[in-house]
Amino acid sequence: NEQTARHIYDLKLDGYGPYGLTYDRSGRCSILYGQKGHVALMDCHQQSLHTEFYVQERIRDATFLHNTTMFAAAQSNHVFIYDNTGTE
């Protein structure tokens, strides 16, 4: 199926892994987080990157809050809340 083939993509992620991935409820957006501090917010339908930033701490988990405009990241000692632009 051609439409399914368009949604297949390959990510080259070197140096900040292992990685975790969390989707929002609709499955449209995802948070990709590496244990060495890499965070990326992606739109999976358009295959576009909303924001990407690096924190200097280990990221244990990340999840969206009420919608895709806010997400929380559990870092080494505390939980930090970010908006969709990466502002804490």
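Residues numbered from 1 in each chain as written. Predicted model: local features only at pLDDT ≥ 70, side-chain atom pairs only at ≥ 80, totals over all residues. Heavy atoms only, no water.

Novice: Sorry if this is basic, but what is going on with the environment of Asp-61 here?
Specialist: Tracing the chain through its elements places Asp-61 in strand E5 (residues 59–64). C-alpha separation for the pair Asp-61 and Ser-76, spaced 15 residues apart in sequence, amounts to 10.0 Å. If near-sequence neighbours (up to four positions away) are discounted, Asp-61 is found in contact with Thr-22, Tyr-33, Ala-72, Ala-73 and Ala-74. Separated by 3.0 Å, the side chains of Asp-61 and Tyr-33 make a polar contact. (Helix = DSSP H or I, 4+ residues; strand = E, 2+ residues; numbered from the N terminus. Contact = heavy atoms within 4.5 Å. Polar contact = N/O pair within 3.5 Å; in protein donor to acceptor, adjacent residues only side chain to side chain.)

Novice: Help me out: how do you make sense of the pairing of E5 in this one?
Specialist: On any regular strand, side chains alternate: one points to one face of the sheet, the next to the other face. In this structure, E5 lies alongside strand E6 (residues 70–75), joined through 5 bridges in antiparallel fashion. Looking across to E6, one finds that Phe-64 is bridged to Phe-71. Taken together, E5 and the strand that follows it, E6, pair antiparallel across an intervening segment of 5 residues. (Pairing = 2+ DSSP bridges.)

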